[in-house]
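# Results of the structural survey
This is what each chain is made of:
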Amino acid sequence: MVFKMKIIGFGKGIPARCVSNDDIAQFLDTSDEWIFTRTGIKTRYVCTTETLTDLSVTAANGALEDAKLNPDDIDLIICATLGGDYGTPSLSCCIAEGIGAKCPCFDVNAACTGFIYALELASGFISSGKAKNVLIVSAEMMSAKTDWSDRNTCVLFGDGAAGCVVTAGNAVKYINLSSAAMPNSTVLNMPNGTGNSPFTKEQKSSGFLHMQGQEVFKFVVNIVESELKLVQERTGLSPAQIDLFLLHQANKRIIDFTGAKLKQPPEKFPCNIQRYGNLSSASIPLLLFETVKSGQIKPGDTLLLCAFGAGLTAGTCVIVWE
């Protein structure tokens, strides 16, 4: 498949409140040393007065400004999220209202892989001529989805949004999406409530995210290796020919393990997990935003984006930066 697409603008929305490991140790049996050595995380940002719509609109407006476009120039909004401020309307509709856009919009839930899924969807609309400019916003409020009495999960995640505008171009060379054939709903899940119907025997309140860490780690290690083999088979690119690997920021150990497995130097694996924690679908676009704006990514650089998350889903994208 040919992907005629490039990214022309970025934006981000981050809560004001920065929460350190020491802050969490005030109410949980944990410590900065325990969290950092196991995850690579030092801080994360958590919503206090902000809504997810607030963060998303900030990211969307930033991307429009960076792309030098107006809301009327956007033909489609795709939002990657586990869920917005409402069950309905979708978060993408709230973004459209917030920025004053009148285009079609919809959400996609592929957990931490959501941004790669959104890129695939955007490429279809652009390649078919149904859209010229697509706004993608990946946004998560993980602080509302984790159990803050469970030190194995709540220390991992943060809140935030990252947006980008994509349009016709030749930067995106490859996208692959996949899912695992395993009993994955028990490995990483977040139950919904069942409401209060008098015809339902079992009543459940809205649940928190549950994760079997070791099983997820095994999946990630295997899927990253298999995804990179596919990249080499289908594009001819070896790990040495990739300038930067932008991996989902789930755990620094996973990133380090992948680099060692590929025999590639640490400097080819940029990280921001130490500052933001795991932002689910917003992780990779925020990392891409920061590496581009810092000058670490230069025109002509070959980038490999790889994400993995609940489902269990995975996605890989190769971009030659324009």
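Up top is the structure.
Residues numbered from 1 in each chain as written. Predicted model: local features only at pLDDT ≥ 70, side-chain atom pairs only at ≥ 80, totals over all residues. Heavy atoms only, no water.

## Side note on the overall build of the chain
Applicable threshold: Helix and strand assignments come from DSSP, with helices taken as H or I runs of at least 4 residues and strands as E runs of at least 2, each series counted from the N terminus. Relative accessibility decides the category of a residue: with a 1.4 Å probe and only protein chains considered, values under 20% of the type maximum give buried, values over 50% give exposed, and everything between is partly exposed. A contact between two residues is defined here by any heavy atoms of the two lying within 4.5 Å. In this description, accessible areas are obtained by the Shrake-Rupley approach with a 1.4 Å probe, and a residue is regarded as covered only by the protein chains that are shown.
For the chain, the count of helices and strands is 9 helices and 13 strands. Per-residue burial over the chain gives 53% buried out of 322 residues. A separation of at least 24 residues holds for 75% of the contacts in the chain among residues at least 6 apart in sequence. Total accessible area on the chain is roughly 14000 Å²; 52% of this is exposed by carbon and sulfur atoms.

## Here we look at the sheet that holds strand β5 (residues 105-108)
Heads up, the rule is: Strand pairing is defined by DSSP finding a minimum of two bridges between the two strands. Axis lines are fitted to C-alpha atoms, over the contacting stretch for helices. Their N-to-C directions set the angle, which ranges from 0 to 180 degrees.
If you trace the 5 strands from one edge of the open sheet to the other, you get β1-β7-β6-β4-β5, paired in mixed fashion. In the strand order of this sheet, the two ends are held by β1 (6-13) and β5, each with one partner. The sheet shows a mean angle of 20° between the axes of neighbouring strands, taken without regard to direction. Both strand β4 (residues 76-80) and β5 contribute to a ladder of 4 bridges, which runs parallel. Its bridge partner lying in β5, C79 is registered against D107. Sheet contacts for helix α5 (residues 114-127): β4, β5, β6 (134-141) and β7 (159-167); angle to β6, the most-contacted strand, approximately 160°.

## Observations regarding helix α2 (residues 32-39)
Filter applied, for reference: Arc definition: directions from the helix axis to the C-beta atoms.
Of the positions making up α2, those classed as buried are W34, I35 and T39. For α2, the arc enclosing every buried residue in end-on projection is 90°, short of the 170-degree limit, so these residues lie on one face. Buried residues belonging to α2 abut α1 (21-24), β3 (43-46), α7 (252-262) and α8 (273-276). A positive backbone phi angle near 85° is found at G40, which sits one or two residues after α2.

## A few points about the sheet that holds strand β11 (residues 244-247)
Judged by pairing direction, the sheet is mixed, and its 4 strands sit side by side in the order β8-β13-β12-β11 without closing on themselves. Of all strands in the sheet, those bounded by a partner on one side alone are β8 (172-179) and β11. Taken over all neighbouring pairs, the strand axes of this sheet differ in orientation by 10° on average, direction set aside. Note: β11 against strand β12 (residues 302-309), 4 bridges, orientation parallel. Paired with L246 across the strands is L305, a residue of β12. Sheet contacts for α5: β8, β12 and β13 (313-320); angle to β8, the most-contacted strand, approximately 125°.

## Some points on unusual backbone geometry
Most peptide bonds adopt trans geometry, and most residues besides glycine take a negative phi value. In this model, T88 is joined to P89 through a cis peptide bond whose omega is 5°. Take P89: it is sitting in the loop between β4 and α4 (91-99). You will see that K68, though not glycine, has its phi angle at about 60°, which is positive. Structurally, K68 can be placed in the loop between α3 (52-67) and β4. A relative accessible area of 74% places K68 in the exposed class. Phi is positive for K263, close to 60°, though the residue is something other than glycine. Mapped onto the secondary structure, K263 falls in the loop between α7 and α8.

## Section: the nonpolar core
Inside soluble globular proteins, nonpolar side chains tend to come together where they are buried. Operational definition: Grouping buried Ala, Val, Leu, Ile, Met, Phe, Trp, Tyr and Cys residues that are joined through side-chain atoms within 4.5 Å yields what is termed a nonpolar core.
Ranked by size, the top nonpolar core spans 35 residues in total, and within it V134, I136, V166, L288, L305, I319 and W321 carry the most contacts. Element by element, the count of residues in this core is highest for α5, at 6 residues. Excluding residues that lie within four positions of it along the chain, V166 makes contacts with M5, K6, I7, L119, A122, I126, K132, N133, V134 and I136. By size, the runner-up hydrophobic cluster in this structure holds 26 residues, among which are V57, C79, I95 and A139.

Everything listed here is a matter of geometry and, on its own, says nothing about what the molecule does.
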